[in-house]
Structures are given as C-alpha cells and as structure tokens.
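Here is how the chains run, residue by residue.
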Amino acid sequence: MTEQSGTSGQWPPGHCLGLQQALELIGGRWTGSILLAVLSGSRRFSDIRVAVPGVSDRLLCDRLRRLEAEGLLERHTTTESGLVGYAPTEAAQALVPALHAILDWTTRWRDDTGHQSDAGNDR
C-alpha cells in the first residue's frame, strides 16, 4: 500500500476539473488582462484597449463577447451617446481576490521574461 500525501482530503473530488475550467476561461490570451482592466474601472472599449496594450480590436471584441456570454461582464449602451460599456458582474467581482493572488505570485516568483525569479530560490 502506498502512503498518501499530507494534502489528501484537503480538496474535494473532481477539483482538478473545476480548476481547469476556470483557467481555460480566464487564462485565454488577453482574457485575464481584459477582465482585470474592467474590474479596475476601464469600462468602454477604447479604455480597455488602452489598459491592455497589444491586444487587437478583433481579439478584444471576441474576448469581451466571451466574458459576457460566460456571465462575467454585462454590456451596456448609453442612450444619450450610444456608447457601449462593460461592467463586471458579481461573478467577476468574486474573482478579484484570485486575480490579486496571481498578480502577487507573479511579482514574487516570475521575472519580466516569464521565468522563475531568484526569489523562488530562497525557500
């Protein structure tokens, strides 16, 4: 009989599937950054584009539609100007602690090139 890890029982059965679904949703190219931009107050398309440099208009439009379809963003049109804006839903707001944790982890453990930083060697 093999010895079980000290973390067994800490996670519910099937937890890997739920994590994979979440990572596929927010881990798509530019998706997490776009979501973070909206959560940080950039609500119009042009504001989001400025907050997420490097994303093409087509990809930004696609990602905004996907986040809306997944229930993380709500699309609004102002009646007087006809401008379109996006607002985070309660589900998106609930991601804020997770996104902050990922940002904190990145700051500590990754350098600007995306490789492990020296901070990971002092454990």
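Above this text you will find the structure in question.
Rules and cut-offs
Residues numbered from 1 in each chain as written. Predicted model: local features only at pLDDT ≥ 70, side-chain atom pairs only at ≥ 80, totals over all residues. Heavy atoms only, no water. Core = buried A, V, L, I, M, F, W, Y, C linked by side-chain atoms within 4.5 Å. Buried < 20%, exposed > 50% of the residue type's maximum accessible area, 1.4 Å probe, protein only. Helix = DSSP H or I, 4+ residues; strand = E, 2+ residues; numbered from the N terminus. Contact = heavy atoms within 4.5 Å. Polar contact = N/O pair within 3.5 Å; in protein donor to acceptor, adjacent residues only side chain to side chain. Axes fitted to C-alpha atoms, helices over the stretch in contact; angles between N-to-C directions. Parallel < 35°, antiparallel > 145°, perpendicular 65-115°, else oblique. Nonpolar A, V, L, I, M, F, W, Y, C, P; charged D, E, K, R; others polar. Pairing = 2+ DSSP bridges.

S.K.: Which residues make up the nonpolar core, and what are the values?
M.R.: In this structure, Ile34, Leu35, Ile48, Leu64 and Leu73 are the most contacted members of the largest nonpolar core, which totals 19 residues. Counting only elements with at least two residues in this core, the list comes to helix H1 (15-26), helix H2 (31-39) and helix H4 (57-69). Of all the elements, H2 adds the most residues to this core, at five residues.

S.K.: Outline the environment of arginine 63, listing residues and values.
M.R.: One can find arginine 63 in helix H4. Separated by 31 residues in the primary sequence, arginine 63 and glycine 32 place their C-alpha atoms 9.6 Å from one another. Beyond its immediate chain neighbours, meaning those up to four positions away, arginine 63 contacts Arg29, Thr31 and Ile34. Within the structure, arginine 63 has its side chain in polar contact with the backbone oxygen of arginine 29 (distance 3.0 Å).

S.K.: Run through the packing of H2 against H4, naming residues and quoting values.
M.R.: At a minimum axis separation of 10 Å, H2 and H4 run at an interaxial angle of 70°. Relative to H4, H2 is oriented roughly perpendicular. Residues Thr31, Ile34 and Leu35 of H2 form the contact with H4, whose participating residues are Leu60, Arg63, Leu64 and Leu67. Its residues assigned to classes, the contact of H2 with H4 comprises five nonpolar, one polar and one charged.

S.K.: Got a sec to walk through the pairing of strand S1 (residues 73-77)? Specific residues and values, please.
M.R.: Note: S1 against strand S2 (residues 84-88), five bridges, orientation antiparallel. From the neighbouring strand, histidine 76 faces S2, where its bridge partner is glycine 85. Linking two consecutive strands that pair antiparallel, namely S1 and S2, is a turn of six residues; a positive phi of about 75° is found at glycine 82 within it.

Spatial relationships are all this shows, so hold off on functional conclusions.
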